[in-house]
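Observations on chain architecture
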Amino acid sequence: MDDFALEYSLLDDAGVHAQWQNGSWQITRIADIWTRTGKVLSLPYKGANAYPSFQFAEDGTPLPLMEKVLKALPREMTPWQCAFWLTSPNSELRGESPANRIQTGDDCIVDIAGEAGGLMAA
């Protein structure tokens, strides 16, 4: 987990709010709202919630495909298993990571996420 945090920028609640350009002082817990509604992935890290920055657009909003991918991944996957799946090279993507495809808006990643259930059975 520490290696992941070193390689991928993790934001805390305040960091997500600060990055959110439409942010309002009234909605300081926007990361929690987005997590509860399935728009972003939250990781338990060092006693707090952490949010991989690769799932946010430049304006701080969740990337549109993130919610679809999170819903397609098997429910039994832990948040950390989802994070590792999202950032690992994928043979169906010619070695690219699912996170890269989410950032480019490639819809094929939703179907590939739905097939990740086979990983849980293996």
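Refer to the structure above for everything that follows.
Below, the structure is looked at part by part. (Residues numbered from 1 in each chain as written. Predicted model: local features only at pLDDT ≥ 70, side-chain atom pairs only at ≥ 80, totals over all residues. Heavy atoms only, no water.)

1. Section: the sheet that holds strand 1 (residues 10-11)
Sheet strands associate in pairs through backbone hydrogen bonding, adopting either a parallel or an antiparallel arrangement. Ordered in space as 1-3-2, the 3 strands form an open sheet in which the pairing is antiparallel. A strand with exactly one partner marks an edge of an open sheet, and here the two such strands are strand 1 and strand 2 (43-45). (Pairing = 2+ DSSP bridges. Helix = DSSP H or I, 4+ residues; strand = E, 2+ residues; numbered from the N terminus.)

2. Examining the nonpolar core
Leu41, Val69, Leu73, Trp85, Leu86, Ile102 and Ile109 are the most contacted members of the largest nonpolar core, which totals 25 residues. Elements with a minimum of two residues in this core: strand 2, helix 4 (64-72), helix 5 (79-87), helix 6 (98-104) and helix 7 (108-114). Here Leu86 is in contact with Leu41, Phe54, Met66, Val69, Ser97, Pro98, Ala99 and Ile102, once residues within four sequence places are set aside. Core analysis: the next-biggest nonpolar cluster, separate from the first, contains 9 residues, Leu11, Trp20, Val40 and Phe56 among them. (Core = buried A, V, L, I, M, F, W, Y, C linked by side-chain atoms within 4.5 Å. Buried < 20%, exposed > 50% of the residue type's maximum accessible area, 1.4 Å probe, protein only. Contact = heavy atoms within 4.5 Å.)

3. Structural notes on unusual backbone geometry
In this structure, Lys46 takes a positive phi of about 50° despite not being glycine. The phi torsion at Arg94 lies on the positive side, around 55°, for a residue other than glycine. You can see Arg94 is positioned in the loop between helix 5 and helix 6. Accessibility expressed as a relative area gives 83% for Arg94, which makes it exposed.

4. Some thoughts on the side chain of Asp13
Turning to its location among the elements, Asp13 is positioned in helix 2 (residues 13-19). Within polar-contact distance, the side chain of Asp13 engages the side chain of Tyr51 at 2.8 Å. (Polar contact = N/O pair within 3.5 Å; in protein donor to acceptor, adjacent residues only side chain to side chain.)

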